[in-house]
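Descriptive structure summary
Residue strings, one per chain:
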Amino acid sequence: MRNSNVKKFYSVFTLILIFSGSSFAQNEPLDKPGKEEKQTTIAVLPLIYYTPETSWAFGAGAVANFRLGAEEETFESQVALGGAYTLFNQFLSYTSWRIFTEQNKHLFAGELGWYDYVFFFYGIGPGVSESDREVFNSRLPRLRFDYLRLIKGDFYVGVRYWYDNFQIQEVEEGGLLDGNNIPGSMGGRIGGIGPMLYYDSRDSQLYPTSGMFAESSLQIFRPWAGSDYSYMRWIGDFRQVLPIKENSVFVYQAYAELLSGEVPFFGMPLLGGNRLMRGLFEGKFRDRNMALVQGEYRWKFKPRWGLVGFSGLGNIFSPSNPFDIGNTKLTYGTGLRYQLSKKEKLNLRFDVAHSPGEGLLFYLTFGEGF
């Protein structure tokens, strides 16, 4: 079903010309407080992007940026909503929020969405191949909610609740999901809650030039939390931005997900996509556990233009598929960046990525990979 990558370069520069004069934002906070006074802004914007998992997507969104306290003491908050339709006949609608109360004492973040989506499934474990691929359709109501309380400096403690309801509508006849031998092949709800720790000293979340980010959460999925499956999930995410020269930085990320219990296939971590290991088709490699490390060199050679080079190593494993260094996936690639607004550091991102044994993949979207 995936469209040919012949479309990869179509209208890239047209998009740049359309977007370069517009005001943009994404579902993360903007730069930390500074001396410049900022007012509440509301922007309505077009949405066009391309990923291997969606093909071209078209839609629109609205973003509101505001502060709930003095600029010198309070980070900027953001609420966004939008919808998109893709050439894979996928429909996405969502609203998201990231709200800091006065003096950043509390942080509320989350997402409420409804998706009518086409997914791709290859099987479970590191040994799948392209010939295993099958398609299934699912409707997916989603809720994400984080509450964090400032403890000291840039360190927060809080709670996370995530809920998905995979309403699988159609699977391929005779495929892996048709036999009901895959955990979750009939769909179901996954709802999990648990504690989380959060630290962020980066100078910007859109395009940081220094600082560290760390997040850890433990979620318990049980019927009393709204789940049809009982399991536990731990997520760890660490990133650091290392300045090299005035216009260049090196950023690296270490990320892991570890699950135990009765895990449905749609609750397992996925290698690939436009953020974790670009160069792998998201969902091709999935299992109970995942660990990866990736790095990116970012060079801004003109006020609005930049180049990047990136690479990553990642692995999936489980008790039935023990960790094997030989199953580690390598990805690498390069990309072009264009800063859409002079005031904010949001970039239009075009990446070309590859993994040995896989095809060349292309991404046209917004913001950095990590």
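You'll find the structure just up there.
Calculation notes
Residues numbered from 1 in each chain as written. Predicted model: local features only at pLDDT ≥ 70, side-chain atom pairs only at ≥ 80, totals over all residues. Heavy atoms only, no water. Helix = DSSP H or I, 4+ residues; strand = E, 2+ residues; numbered from the N terminus. Buried < 20%, exposed > 50% of the residue type's maximum accessible area, 1.4 Å probe, protein only. Contact = heavy atoms within 4.5 Å. Areas by Shrake-Rupley, 256 points an atom, 1.4 Å probe, with all protein chains shown as cover. 1 Å grid on protein atoms, 1.4 Å probe; cavity = no way out; pocket = protein on both sides within 12 Å on 5 of 7 lines; lining within 4 Å. Points joined across faces, edges and corners; volume = space filled by probe spheres on them. Nonpolar A, V, L, I, M, F, W, Y, C, P; charged D, E, K, R; others polar. Pairing = 2+ DSSP bridges. Core = buried A, V, L, I, M, F, W, Y, C linked by side-chain atoms within 4.5 Å. Phe/Tyr/Trp six-rings, centres within 6.5 Å; stacked < 30°, edge-to-face > 60°. Lys NZ or Arg CZ within 6 Å of the ring centre and 35° of its normal. Salt bridge = Lys/Arg side-chain N within 4 Å of Asp/Glu carboxyl O.

1. With respect to the overall build of the chain
A count of helices and strands for the chain gives one helix and 18 strands. Counting across all 370 residues of the chain, residues that qualify as buried make up 54%. Look at the contacts in the chain between residues 6 or more apart in sequence, and 59% of them connect residues 24 or more apart. Summed over all atoms, the accessible surface of the chain reaches about 16,400 Å², with 59% contributed by carbon and sulfur.

2. Remarks on the layout of surface pockets
In this structure, the second largest pocket encloses a volume near 200 Å³. As for the second largest pocket, its lining consists of 19 residues, and the residues nearest its centre are Tyr 207, Thr 209, Asn 247, Trp 299 and Lys 300. Within the residue set of the lining of the second largest pocket, elements represented by two or more residues are strand S11 (248-261), strand S14 (289-300), strand S15 (305-317) and strand S16 (329-339). Among the elements that take part in the lining of the second largest pocket, S15 stands out by supplying four residues, more than any other. When its residues are assigned to classes, the lining of the second largest pocket shows six nonpolar, six polar and seven charged.

3. Regarding the pairing of S16
With ten bridges connecting them, S15 and S16 associate as antiparallel partners. Within the sheet, the bridge partner assigned to Gly 312 lies in S16 and is Thr 331.

4. Digging into the environment of Lys 342
Its location among the elements puts Lys 342 in the loop between S16 and strand S17 (347-354). In sequence terms Lys 342 and Arg 304 are 38 residues apart; their C-alpha atoms lie 7.8 Å from each other.

5. Notes on the nonpolar core
Ranked by internal contacts, the top residues of the largest apolar core, which has 36 residues, are Phe 136, Tyr 231 and Phe 265. Other than its neighbours up to four places away in sequence, Phe 136 contacts Tyr 117, Val 118, Phe 119, Phe 120, Phe 121, Ile 168, Glu 170, Val 171, Leu 177 and Phe 265. By size, the runner-up hydrophobic cluster in this structure holds 18 residues, among which are Phe 120, Leu 271, Leu 276 and Ile 316.

6. A short note on the pairing of strand S3 (residues 77-86)
Across ten bridges, the pairing between strand S2 (residues 55-66) and S3 is antiparallel. Bridge pairing in S3 links Gly 61 to Gly 82. Pairing analysis gives eight bridges linking S3 to strand S4 (residues 91-100), with the strands arranged antiparallel. From the neighbouring strand, Ala 80 faces S4, where its bridge partner is Ser 96. Remark: four residues form the turn of the hairpin made by S3 and S4, two consecutive strands paired antiparallel; Asn 89 in that turn has positive phi of roughly 65 degrees.

7. Quick notes on unusual backbone geometry
The backbone phi angle of Gln 103 is positive, close to 60 degrees, even though this residue is not glycine. Given a relative accessible area of 34%, Gln 103 falls into the partly exposed group. Non-glycine residue Asn 104 carries a positive phi angle of around 60 degrees. Tracing the backbone through its elements, the reader meets Asn 104 in the loop between S4 and strand S5 (106-121).

8. Details of the packing of aromatic side chains
All chains considered together, the criterion is met by 22 aromatic pairs. Ring centres 5.5 Å apart and planes at 75 degrees place the aromatic pair Phe 136 and Phe 265 in the edge-to-face group. Pair noted here: Phe 136 is in strand S6 (residues 134-152) and Phe 265 is in the loop between S11 and strand S12 (270-271), with a separation of 129 residues, a long-range link. Across the pair, Phe 265 and Phe 136 agree in class, each one buried. Summarising the aromatic geometry, the rings of Tyr 229 and Phe 266 are spaced 6.1 Å apart at their centres and angled 80 degrees between planes, so their arrangement reads as edge-to-face. Taken together, the residues Tyr 229 in the loop between strand S9 (211-221) and strand S10 (231-245) and Phe 266 in the loop between S11 and S12 connect sequence positions 37 residues apart. Among the residues examined, Tyr 229 registers a relative accessible area of 11% and is labelled buried. Of note, Arg 278 hangs over the ring of Phe 310, and the distance from its end group to the ring centre comes to 3.9 Å.

9. Comments concerning the pattern of salt bridges
Should the charged atoms of two oppositely charged side chains come close, the side chains can pair. Scanning the entire structure with this criterion turns up 18 salt bridges. Lys 284 is paired through a salt bridge with Glu 358; the nearest N and O atoms lie 2.8 Å apart. Taken together, the residues Lys 284 in the loop between S12 and strand S13 (285-286) and Glu 358 in the loop between S17 and strand S18 (361-366) connect sequence positions 74 residues apart. Looking at Lys 284, the relative accessible area reads 3%, which means it is buried. Overlapping salt bridges bring together Arg 278, Glu 296, Arg 298, Arg 337, Arg 349, Asp 351 and Glu 368 as one network.

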